[in-house]
Amino acid sequence: MNDDRHAKTWLFVPAHRPELVAKALASAADGVMLDLEDAVPDECKAQARAALPAIPPRAHGRTWVRVNARATAWHADDVRAAMQAPSVQGVLCPKVEDVADLIAPGVLAARPGMAQGALVESALGVMRLFGMLERVPDVGMVMFGGAEGADLMTDLGCGWSIDGPELLHARQHTVLSARGFKRVALVDGVYARVDDTEGLARDTRLSRGLGFRARAVVHPSQIAVVNDIYAPTVDETAWATEVVQVFEAAVDHGTAALRLRGRLVDAAMYKAARLTLGKSDQ
């Protein structure tokens, strides 16, 4: 996998815990997010940062680092360490509310191909997201920071429930902002109740329905659930395959609109079917 938009799961792991890092790298997650921020105590920040250069590349999937926020004393050293770690392919900036909270283009230029992402965790960050993506073309990932009890809920002063009406507008606004820029991998936030598999599945189905393409997870047990839900179902794959075949045959015969089993099939439906089958770069 060489495109973060194709990942379905991003497994967070504290970078100062080598035994957990090893398990994460060997897991079925599409991406591993080495955490230098919330999962690492202040006294272990330097240890976590120092561990990055020795972390081996994954046999499959991607490896990113979540650094500490720009306003902290650790941010610059975190970014420098991530840039110097050969296996790291991207840097996720937390608590992003403005372009200044992202990494300057000149810094990223020192590592060709290095990506950066924005983790939005406040009302201001959610509302400003579109403008930030418009101004900073090297942002390749947007992650929604709406975990239960985390920063966004605290900022909004709202509650939490399994069907998510309290954060529904914020999730939708994030999807709308990010999907305006097809370069961006769109990742929903953590489902914090690690032992609640049924709740994770229910919330992830909502996430997929809203337009998210991936999810952050905090335990390997969550990976299979999330991967399964974000993947096309057997019925979806069969329908998309039929649409592609029938539409392409119709175009060869001079038409771009037809009826298939009582449903209109046109260029827009064809494009959606190709996306389902992984044949599109959208």
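Computed from a prediction, not measured in an experiment: that's the story for all the values here. (Residues numbered from 1 in each chain as written. Predicted model: local features only at pLDDT ≥ 70, side-chain atom pairs only at ≥ 80, totals over all residues. Heavy atoms only, no water.)

1. A closer look at the sheet that holds strand S2 (residues 31–35)
As a reminder of what qualifies: Two strands pair if DSSP finds at least two bridges between them. Every helix listed is a DSSP run of H or I at least four residues long, and every strand listed is a run of E at least two residues long, numbered separately from the N terminus. Working convention: axes come from line fits to C-alpha atoms, limited for helices to the stretch in contact. Angles between N-to-C directions cover 0 to 180 degrees. When checking whether two residues touch, look at their non-hydrogen atoms; a contact exists if any pair is within 4.5 Å.
Reading around the barrel, the eight strands line up as S1-S2-S3-S4-S5-S6-S7-S8 and close back on themselves, with parallel pairing between neighbours. Within the sheet, the average angular offset between the axes of one strand and its neighbour, ignoring direction, is 25°. In this structure, strand S3 (residues 62–66) lies alongside strand S4 (residues 90–93), joined through three bridges in parallel fashion. Bridging across to S4, Val 65 finds its partner in Val 91. Contacting strand S5 (115–120) and strand S6 (139–144), helix H5 (residues 123–135) runs over the sheet at an angle of about 170° to S6.

2. Considerations on the side chain of Lys 45
The test is simple: The definition of a polar contact used here is a pair of N or O atoms within 3.5 Å, where within protein one atom must be able to donate a hydrogen and the other to accept one, and adjacent residues in sequence count solely through side-chain atom pairs.
As for its placement among the helices and strands, Lys 45 is situated in helix H2 (residues 45–51). Separated by 2.9 Å, the side chain of Lys 45 and the backbone oxygen of Leu 36 make a polar contact. Among the polar contacts listed, one links the side chain of Lys 45 to the backbone oxygen of Val 40, at a separation of 3.2 Å. Not counting residues within four places of it along the chain, the set of residues in contact with Lys 45 comprises Leu 36, Glu 37, Val 40, Asn 68 and Trp 74.

3. Considerations on the packing of H5 against helix H7 (residues 168–179)
Condition: In this scheme, roughly parallel covers angles under 35 degrees and roughly antiparallel covers those over 145, while 65 to 115 is roughly perpendicular and the rest are oblique. Classes in brief: Ala, Val, Leu, Ile, Met, Phe, Trp, Tyr, Cys and Pro nonpolar; Asp, Glu, Lys and Arg charged; the others, Gly included, polar.
As a packed pair, H5 and H7 sit with axes 9 Å apart at the nearest point and diverge in direction by 5°. If you check the angle between H5 and H7, you find them roughly parallel. Contact with H5, carried on its side by Val 126, Met 127, Leu 129, Phe 130 and Leu 133, involves Ala 170, His 173, Thr 174, Ser 177 and Ala 178 of H7 and no other residues of that element. When grouped by side-chain class, the residues that make up the contact of H5 with H7 number seven nonpolar, three polar and no charged.

4. Some thoughts on the side chain of Ser 207
The test is simple: A simple rule labels every residue: compare its accessible area, found with a 1.4 Å probe on the protein chains alone, to the largest value its type can have, and call it buried under 20%, exposed over 50%, or partly exposed in between.
Counting through the fold element by element, Ser 207 comes out in helix H8 (residues 197–210). For Ser 207, a relative accessible area of 0% corresponds to the buried category. In this structure the side chain of Ser 207 is engaged in a polar contact, spanning 2.9 Å, whose partner is the side chain of Asp 188. Discounting chain neighbours no more than four positions away, the residues touching Ser 207 are Arg 171, Asp 188, Phe 212 and Tyr 230.

5. Some words on the pattern of salt bridges
Selection criterion: Only one rule defines a salt bridge in this text: a Lys or Arg side-chain nitrogen within 4 Å of an Asp or Glu carboxyl oxygen.
Enumeration according to the criterion identifies 16 salt bridges in this entry. The partner of Glu 37 in a salt bridge is Lys 95, with the nearest N and O atoms 2.6 Å apart. Here Glu 37 is found in the loop between S2 and H2, whereas its partner Lys 95 is found in the loop between S4 and helix H4 (105–108), with 58 residues between them in sequence. The class for Lys 95 is partly exposed, based on a relative accessible area of 34%. Taking the shortest distance from any N to any O, the salt bridge between Lys 95 and Asp 151 comes out at 3.2 Å. Residue Lys 95 is located in the loop between S4 and H4, and its partner Asp 151 is located in helix H6 (residues 151–156); the two are separated by 56 residues in the primary sequence.

6. Description of helix H10 (residues 234–252)
For an α-helix, 3.6 residues make a turn, and residues three or four places apart therefore share a direction. Our working rule: Between the first and last residue of a helix there are one fewer steps than residues, each counted as 1.5 Å, and that sum is the expected span. Note that the arc is defined by the directions from the helix axis to the C-beta atoms.
Helix length check: H10 (19 residues) gives 27 Å between terminal C-alpha atoms against 27 Å at 1.5 Å per residue, within 8%. Turning to H10, its buried residues number three or more, namely Trp 239, Ala 240, Val 243, Val 244, Phe 247 and Ala 250. Taken down its axis, H10 places every buried residue within 140° of arc, on the same side. Facing away from the buried surface of H10 by more than 90 degrees, the exposed residues are Val 234, Gln 245 and Asp 252. On its buried face, H10 sits against strand S9 (258–260), strand S10 (263–265) and helix H11 (267–276). Once H10 ends, the next one or two residues include Gly 254, with phi positive near 90°.

7. Comments concerning the environment of Ser 122
Tracing the chain through its elements places Ser 122 in the loop between S5 and H5. Taking relative accessible area as the criterion, Ser 122 reaches 6% and is therefore assigned buried. Placed 45 residues apart in sequence, Ser 122 and Leu 167 show a C-alpha to C-alpha distance of 11 Å. Setting aside residues up to four positions removed in sequence, Ser 122 forms contacts with Glu 97, Leu 152 and Asp 155.

8. Side note on the packing of aromatic side chains
Put simply, the test is: Paired rings are identified among Phe, Tyr and Trp, the last through its six-membered ring, by centres lying within 6.5 Å, and are further divided according to the angle between planes into stacked (under 30 degrees), edge-to-face (over 60) and tilted (the rest). The rule for a charge over a ring is simple: NZ of Lys or CZ of Arg within 6 Å of the ring centre, and within 35 degrees of the ring normal.
Taken as a whole and judged by the stated rule, the model has five aromatic pairs. Aromatic pair Phe 144 and Phe 212: ring centres 6.3 Å apart, planes at 45°, arrangement tilted. Of this pair, Phe 144 sits in strand S6 while Phe 212 sits in the loop between H8 and strand S8 (214–217); the two residues are 68 residues apart in sequence, bridging distant segments of the chain. Accessibility assignment for this pair places Phe 144 and Phe 212 in one class, buried. Cation over ring: Lys 45 sits above Trp 74, and NZ or CZ is 4.9 Å from the ring centre.

9. A look at helix H3 (residues 75–83)
Buried residues of H3: His 75, Asp 78, Val 79, Ala 81, Ala 82 and Met 83, and no others. If you follow the buried residues of H3, they end up packed against H2, S3, S4 and H4.

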